[in-house]
Amino acid sequence: MENLHDKRKVYEKSQLIESEIKQNPIEQFRDWFLEASENPNISEANAMAVSTVEEDGCPRTRMVLLKEYTFEGFIFYTNYDSRKGKSIENTHKACLHFFWPNLERQIIIKANLERIAENLSDGYFHSRPKGSQLGAVVSPQSQEIPNKEYLEQKLKQLEKEYENSEIPRPENWGGYIAKPYEIEFWQGRPNRLHDRIIYQLIDDLDWKISRLAP
Ligand SMILES: Cc1cc2nc3c(=O)[nH]c(=O)nc-3n(C[C@H](O)[C@H](O)[C@H](O)COP(=O)(O)O)c2cc1C
Ligand code: PXP
């Protein structure tokens, strides 16, 4: 069909060296995330790929929006009965992945996942635009639906129903916190000799920092 052999870029914008990194990976994440957020060429720095392992043993990846990060972990919101929700309820694990091409950087996070407290999901749900709240109510995420009109009709009905009242958060919609136990920071370098620094959690407290070959 098409030969892409010559499609390649030289990565040379920056470097990642031990003397300049933070000892805590969340602080390192914050440095890189702020840089990505402030970059006018990156439109959604908080968009991340989330991979979960399904029952056939194969990982499946989709984008979600990171909505908060703390020293404890990374929070995103979704439907608990979706495909990703089902995998997470089974394995309690996921891999989060950020790629910011303009900075020639990727971050790979392996984490244990838990649902966040219901009151926190309520708070976030009600902070969303009303249309997105209704979207979450209307959509049986990841399930087969008869056609597009099915969603549009449901949306119209609910728009009327909740015209003057608060939309209750669906029980199956809420946040997950991904508590990291391994975080890799990757900075592209010339000659494909990229910088890779990996933080691994030891004893639930300290992070071991190592350099990996590219
Ligand atoms: C940039 C981007 C951000 C997204 N953010 C979310 C999100 O925060 N939560 C969510 O449930 N789906 C989000 N989606 C949709 C998911 O990628 C996915 O289609 C949906 O969650 C169903 O995934 P699943 O069937 O694998 O569970 C986003 C899609 C894109 C492209
Ligand atoms: C299905 C779905 N849920 C949730 C979100 C996150 O959106 P918000 O910023 O409104 O929480 C998105 C973003 O694309 C989405 O597509």
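Provided above is the structure to which this section pertains.
Quantities reported herein were computed from a predicted structural model and do not represent experimental measurements.

K.L.:
Can you help me understand unusual backbone geometry in this one?
P.N.:
Across the chain, the bulk of peptide bonds are trans and the bulk of non-glycine residues have phi less than zero. Backbone geometry places E104, a non-glycine residue, at a positive phi of 60°. Within the secondary structure, E104 sits in the loop between β5 (93-100) and β6 (105-115). Even without a glycine there, the phi angle at D203 is positive, about 60°. Tracing the sequence through the fold places D203 in the loop between β8 (195-202) and β9 (206-211).

K.L.:
Sorry, what's going on with the site of ligand 1 here?
P.N.:
The immediate surroundings of ligand 1 are formed by 13 residues, with R62, M63, T78, K84 and S142 found nearest. In the model, an oxygen atom of ligand 1 is placed 2.6 Å from a nitrogen or oxygen of the K84 side chain. Against a free-state accessible area of 610 Å², the protein chains account for coverage of 66% of ligand 1. Contributions of two or more residues to the shell around ligand 1 are made by β2 (59-65), β4 (74-79) and α2 (83-91). Ranked by the residues each element gives to the shell around ligand 1, the list is headed by β2, at five residues.

K.L.:
It is not clear to me how the side chain of E54 should be interpreted in this structure. Could you clarify?
P.N.:
Tracing the backbone shows E54 in the loop between β1 (47-53) and β2. At a separation of 2.6 Å, a polar atom in the side chain of E54 contacts the side chain of R83.

K.L.:
Help me out: how do you make sense of the site of ligand 2 in this one?
P.N.:
All residues in the neighbourhood of ligand 2 are listed as L65, K67, Y124, R128 and Q141. Take K67: an N or O atom from its side chain is 2.6 Å from an oxygen atom of ligand 2. One of the side-chain N or O atoms of R128 is found 3.0 Å from an oxygen atom in ligand 2. When isolated, ligand 2 has an accessible area of 400 Å², and the protein chains bury 53% of it. When atom positions are compared with the pocket grids, ligand 2 is found to occupy the largest pocket.

K.L.:
I tried to follow helix α4 (residues 130-138) on my own but got confused; where do I start?
P.N.:
For α4, the full list of buried residues reads Q133, L134, A136 and V138. On its buried face, α4 sits against α3 (118-127), α5 (148-161) and β7 (173-187).

K.L.:
Would you take a moment to explain the pattern of salt bridges for this structure?
P.N.:
Two side chains that carry opposite charge are able to pair once their charged atoms sit near each other. Under the defined criterion, the tally for this structure stands at eleven salt bridges. A salt bridge links R169 to D122, with the shortest nitrogen-to-oxygen separation between them at 2.6 Å. Taken together, the residues R169 in the loop between α5 and β7 and D122 in helix α3 connect sequence positions 47 residues apart. When its relative accessible area of 13% is taken as the criterion, R169 is described as buried. D122 gets classed as partly exposed once you look at its relative accessible area, which sits at 30%.

K.L.:
Please clarify how the layout of surface pockets should be interpreted in this entry.
P.N.:
If a probe the size of a water molecule is rolled over the atoms, the empty space left behind becomes visible. There is about 320 Å³ of room inside the largest pocket. Y77, T78, R128, Q141 and W173 are, among the 15 residues lining the largest pocket, the residues nearest its centre. Elements with a minimum of two residues in the lining of the largest pocket: β2, β4 and α4. A per-class count over the lining of the largest pocket returns six nonpolar, six polar and three charged. Estimated volume of the second largest pocket: approximately 180 Å³. Lining the second largest pocket are N24, I26, F71, E72, K179, P180, L201, D204, L205 and W207. Of the residues in the lining of the second largest pocket, the class split is six nonpolar, one polar and three charged.

What counts, and at which threshold
- Residues numbered from 1 in each chain as written.
- Chains lettered and ligands numbered in written order.
- Predicted model: local features only at pLDDT ≥ 70, side-chain atom pairs only at ≥ 80, totals over all residues.
- Heavy atoms only, no water.
- Helix = DSSP H or I, 4+ residues; strand = E, 2+ residues; numbered from the N terminus.
- Near = heavy atom within 4 Å.
- Polar contact = N/O pair within 3.5 Å; in protein donor to acceptor, adjacent residues only side chain to side chain.
- Areas by Shrake-Rupley, 256 points an atom, 1.4 Å probe, with all protein chains shown as cover.
- 1 Å grid on protein atoms, 1.4 Å probe; cavity = no way out; pocket = protein on both sides within 12 Å on 5 of 7 lines; lining within 4 Å.
- Sits in = over half its atoms within 2 Å of the grid points.
- Buried < 20%, exposed > 50% of the residue type's maximum accessible area, 1.4 Å probe, protein only.
- Contact = heavy atoms within 4.5 Å.
- Salt bridge = Lys/Arg side-chain N within 4 Å of Asp/Glu carboxyl O.
- Points joined across faces, edges and corners; volume = space filled by probe spheres on them.
- Nonpolar A, V, L, I, M, F, W, Y, C, P; charged D, E, K, R; others polar.

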